[in-house]
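Examining the three-dimensional arrangement
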Amino acid sequence: MVIPVHDVNPVRRTPVVTYALIAANVFVFLFMPGLSGSTAGDSSLAQTCHLHAFLEHYAAVPRELIHHQLPQLVPTGDVRGAGCVLAPPGYDKSPALSVLSAMFLHGGWLHLLGNMLFLLIFGNNIEDRMGHVRFALFYAACGYAASYGFALLNADSTDPLIGASGAIAGVLGGYLVLYPKARVWVLVPFLVFLPLRLPAWLVLGFWFVLQAVYSSGEGVSGAGTVAYAAHVVGFLAGMLLAWPLKPGTPPPPEPRGLLFGRRARPRHTW
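Residues numbered from 1 in each chain as written. Predicted model: local features only at pLDDT ≥ 70, side-chain atom pairs only at ≥ 80, totals over all residues. Heavy atoms only, no water.

Going by what an unreviewed UniProt entry lists, the chain is known as Rhomboid family intramembrane serine protease and is assigned to Streptomyces asoensis. As stated in UniProt under Subcellular location (unreviewed entry), the record for the chain gives "Membrane". (UniProt positions renumbered as here; feature names shortened; annotations may be inferred.)

This is how it looks when you write it as structure tokens:
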């Protein structure tokens, strides 16, 4: 309903982890097998089978996360007749590690660009507040919480779960806790896109309410293809983890030797 384009909230150090995450997500997307053809709408059966085999290997699957039951037959990437060849997996898959790899996979350009836009706008301030190492751990923790939370609600699902949305939802939840009064420029579709500067609590609170409504299946068609419940869980996890750093509490010191050889500069709370 609204598209954020910029927040009025300067940072005091370069958000190297945020930039690295964006670069890694784009790099992985560009090299996902079979995806370029499928996004253009002209994918062949061979491309589709190759993509399914790739996702089966690297995506998180709720049933695997909860029951630790790996399938006996998986797509190999080969084609036989009008379908994909199935065979016993020739690899060992760790369901827990699949959550991490799935966080760098996306289903299309819109999925990727939407996630990276939110990460770019809101991630830099969270990294600035937490420090590079703690932000990386925070991002991963929110992603894991979102994936396992969704899996608990869909324990028997065998559909692959991919995308950085759960982790980025955690970033939004953390931003709401730490910078509720920061101003965010957004584009609001009303005949044309109207630029408005709104408080973060309104923009992110509205986003969270929409995700909660969509996760119930209300107000959106085809909700089963988007893991809205993972967004909700990730957002709440981000709020919880960021709560000790809310305004009025001092930021934690950055561990020495982890800032590329530099010590953290003194910082102030706001």
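Picking up where we left off.
1. Comments concerning the overall build of the chain
Helix and strand counts for the chain come out as ten helices and five strands. Expressed as a percentage of its 270 residues, the buried residues of the chain come to 43%. Counting contacts in the chain only where the partners sit at least 6 residues apart, residues at least 24 apart contribute 75% of the total. For the chain, the computed accessible surface area is about 14000 Å², with 66% contributed by carbon and sulfur atoms. (Helix = DSSP H or I, 4+ residues; strand = E, 2+ residues; numbered from the N terminus. Buried < 20%, exposed > 50% of the residue type's maximum accessible area, 1.4 Å probe, protein only. Contact = heavy atoms within 4.5 Å. Areas by Shrake-Rupley, 256 points an atom, 1.4 Å probe, with all protein chains shown as cover.)

2. Looking at the UniProt feature "transmembrane region" (unreviewed entry) in the chain
UniProt tags residues 16-35, 96-123, 135-155, 161-178, 185-210 and 222-243 as "transmembrane region" (unreviewed entry). Taken end to end, residues 96-123 comprises 79% helix and 0% strand; its first and last C-alpha atoms sit 24 Å apart. Here residues 185-210 is 42% helix and 54% strand, with 19 Å between the C-alpha atoms at its ends.

3. Structural notes on the confidence of the model for the chain
Should the pLDDT be low somewhere, the predicted coordinates at that spot are not to be read in detail. For the chain, mean pLDDT is 86; residues scoring 70 or higher make up 85% of the total. For residues 36-42, every residue scores under 50 in pLDDT, and the model assigns this stretch nine contacts once sequence neighbours within four places are set aside. Below pLDDT 50 for its whole length, residues 257-270 participates in 27 contacts with residues either more than four positions away or in separate chains. (pLDDT = per-residue confidence, 0-100.)

4. Here we look at a nonpolar patch on the surface
Together, Ile3, Val5, Val8, Trp185 and Phe193 line one region of the surface with nonpolar side chains, adding up to about 430 Å² of accessible area. By the secondary structure assignment, Val5 is in strand β1 (residues 3-8). Note on Val5: relative accessible area 42%, which makes it partly exposed. (Patch = residues over 30% accessible without salt bridge, like charges linked within 9 Å, V, L, I, M, F, W, Y side chains within 5 Å. Salt bridge = Lys/Arg side-chain N within 4 Å of Asp/Glu carboxyl O.)

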